[in-house]
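Spelled out, the chains give:
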Amino acid sequence: QQQVKQSPQSLIVQKGGIPIINCAYENTAFDYFPWYQQFPGKGPALLIAIRPDVSEKKEGRFTISFNKSAKQFSLHIMDSQPGDSATYFCAAQGRGSQGNLIFGKGTKLSVKP
Amino acid sequence: DAGVTQSPTHLIKTRGQQVTLRCSPKSGHDTVSWYQQALGQGPQFIFQYYEEEERQRGNFPDRFSGHQFPNYSSELNVNALLLGDSALYLCASSPRTGASYEQYFGPGTRLTVT
């Protein structure tokens with residue numbers, strides 16, 4: 001049973017566009033929601049994370065929007081660049097479960113010059 | 001400040017063999033988690049070590065075992081390798097104390113089972 005559903009599977013945008021990646025979860029015990037960026041042959045790198053007590057968090061060009069009632073959260077990448085081309089994973093972690101990140105299946109983003 | 005390091009980078013083993021993968025956590029971190037990432041999938045949690053003990057475990061068989069040393073480094077052992085064990089094995093470290101849940105991943109070890 002997939003606990004974190006991520007969409008779309010792949011995404012192509014032009015340079016300067018704003019790709020949006022969406023995730024949905026079912027388990028209300030989740031209380032930490034990070035996004036990771038992974039380049040081919042590399043480990044995932046932590047981009048930004050949010051807790052359910054806020055609806056939005058910005059760090060540089062990356063923004064997380066969080067809708068607790070809908071149990072959904074999304075990543076927006078402002079002014080996207082070709083260097084942002086990578087696979088993006090959303091994840092969730094439960095209260096008192098510090099080790100167990102549940103990942104979505106990933107979104108492969110391609111930013112065209 | 002060194003990040004999470006893993007060795008070896010790549011490994012090729014034959015079905016039925018045993019393998020040991022190694023991880024050194026980020027400086028200041030005392031908790032290590034291991035994940036398996038199959039091609040085209042998100043990482044899946046194997047287990048977590050803290051204070052040299054396994055604290056949490058994901059849905060993986062007993063063929064997967066681990067160890068944490070007093071210097072917080074860790075090993076992942078997989079016995080009786082199956083073709084399906086071919087994957088990228090990721091180690092992540094985090095500080096146990098405090099409210100931070102942040103986990104930082106290493107570059108991974110690519111295991112190929114033939």
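My aim in this report is to walk through the structure given alongside it, one point at a time. These numbers were taken from a predicted model, which means no experiment stands behind them. (Residues numbered from 1 in each chain as written. Chains lettered and ligands numbered in written order. Predicted model: local features only at pLDDT ≥ 70, side-chain atom pairs only at ≥ 80, totals over all residues. Heavy atoms only, no water.)

This brings us to the overall build of chain B. Along the backbone of chain B there are 0 helices and 11 strands. Helices and strands appear in chain B in the N-to-C order β-β-β-β-β-β-β-β-β-β-β. For a compact globule of 114 residues, the expected C-alpha radius of gyration is about 13 Å, and chain B comes in at 13 Å, within 12% of that figure. In terms of principal-axis extent, the alpha carbons of chain B reach across some 40 × 25 × 25 Å. (Helix = DSSP H or I, 4+ residues; strand = E, 2+ residues; numbered from the N terminus. Rg over C-alpha atoms; globule rule 2.2 N^0.38 Å.)

Okay, the pattern of salt bridges next. It is possible for side chains bearing opposite charge to pair when their charged atoms get close. Within the structure shown, the criterion is met by 7 salt bridges over all chains. B:Arg55 is the salt-bridge partner of B:Glu51, the closest N and O atoms lying 3.1 Å from each other. (Salt bridge = Lys/Arg side-chain N within 4 Å of Asp/Glu carboxyl O.)

Glancing now at the state of the cysteines. Throughout this description, disulfide means a covalent bond between two cysteine sulfur atoms. Under the counting rule described, the total for this entry stands at 2 disulfides over all chains. Sulfur-sulfur distance for the disulfide between A:Cys23 and A:Cys90 comes to 1.9 Å. Measuring the twist about the S-S bond at about -95°, one finds the A:Cys23-A:Cys90 disulfide to be left-handed. Within this pair, whereas A:Cys23 is found in strand β3 (residues 20-25), its partner A:Cys90 is found in strand β9 (residues 86-94), the two being separated by 67 residues in sequence. The partner cysteine of B:Cys23 in its disulfide is B:Cys91, sulfur to sulfur 1.8 Å. (Disulfide = S-S within 2.5 Å.)

This paragraph deals with the sheet that holds strand β8 (residues 72-77) of chain A. Residues and elements named next belong to chain A. Strands sit in the order β1-β3-β8-β7-β6 across an open sheet of 5 strands; the sheet is antiparallel. A strand with exactly one partner marks an edge of an open sheet, and here the two such strands are β1 (4-7) and β6 (56-59). Between one strand and the next, the sheet's axes are offset by a mean angle of 15°, whatever the strand orientation. As paired elements, β1 and β3 share 4 bridges and run antiparallel to each other. (Pairing = 2+ DSSP bridges. Axes fitted to C-alpha atoms, helices over the stretch in contact; angles between N-to-C directions.)

Once that is clear, we can look at the interface of chain B and chain A. Taken together, the contact pairs 23 residues of chain B with 23 residues of chain A. Together chain B and chain A conceal approximately 1700 Å² of surface at their shared face, both sides included; 48% is due to carbon and sulfur atoms. In terms of surface lost to chain A, no three residues of chain B exceed B:Tyr101, B:Gln103 and B:Phe105, which account for 37% of the buried area on that side. At the surface where chain B touches chain A, the tally comes to 4 residue pairs in polar contact (both at pLDDT 80 or more). For the side of chain B that touches chain A, the element with the most residues is strand β4 (residues 31-37) of chain B, which contributes 3 residues. (Contact = heavy atoms within 4.5 Å. Buried area = accessible area lost by both parts, 1.4 Å probe. Polar contact = N/O pair within 3.5 Å; in protein donor to acceptor, adjacent residues only side chain to side chain.)

Residues and elements named next belong to chain A. Within the structure shown, the criterion is met by 18 aromatic pairs over all chains. For the pair Tyr-25 and Phe-33, a centre-to-centre distance of 4.8 Å together with 40° between the ring planes defines the contact as tilted. For the pair shown, Tyr-25 and Phe-33 are each scored as buried. Here Phe-89 and Phe-103 contribute two aromatic rings whose centre-to-centre distance is 6.2 Å and whose plane-to-plane angle is 85°, an arrangement assigned as edge-to-face. (Phe/Tyr/Trp six-rings, centres within 6.5 Å; stacked < 30°, edge-to-face > 60°. Buried < 20%, exposed > 50% of the residue type's maximum accessible area, 1.4 Å probe, protein only.)

Now for a nonpolar patch on the surface. Residue and element names in this part refer to chain A. Side chains of Ile-18, Ile-20 and Met-78 sit close together on the surface and give an oily, nonpolar patch of about 240 Å² of accessible area. Within the fold, Met-78 resides in the loop between β8 and β9. Given the relative accessible area of 31%, Met-78 is considered partly exposed. (Patch = residues over 30% accessible without salt bridge, like charges linked within 9 Å, V, L, I, M, F, W, Y side chains within 5 Å. Areas by Shrake-Rupley, 256 points an atom, 1.4 Å probe, with all protein chains shown as cover.)

Here the focus is unusual backbone geometry. The omega torsion across A:Ser7 and A:Pro8 is -5°, close enough to zero to call that bond cis. Relative to the helices and strands, A:Pro8 is located in the loop between β1 and β2 (10-14). The step from B:Ser7 to B:Pro8 runs through a cis peptide bond, and the omega angle for that step is -10°. The backbone of B:Tyr72 shows a phi angle near 80°, a positive value even though the residue is not glycine. The topology assignment puts B:Tyr72 in the loop between β7 (64-68) and β8 (74-78). On the basis of relative accessibility, which here comes to 42%, the residue B:Tyr72 falls in the partly exposed class.

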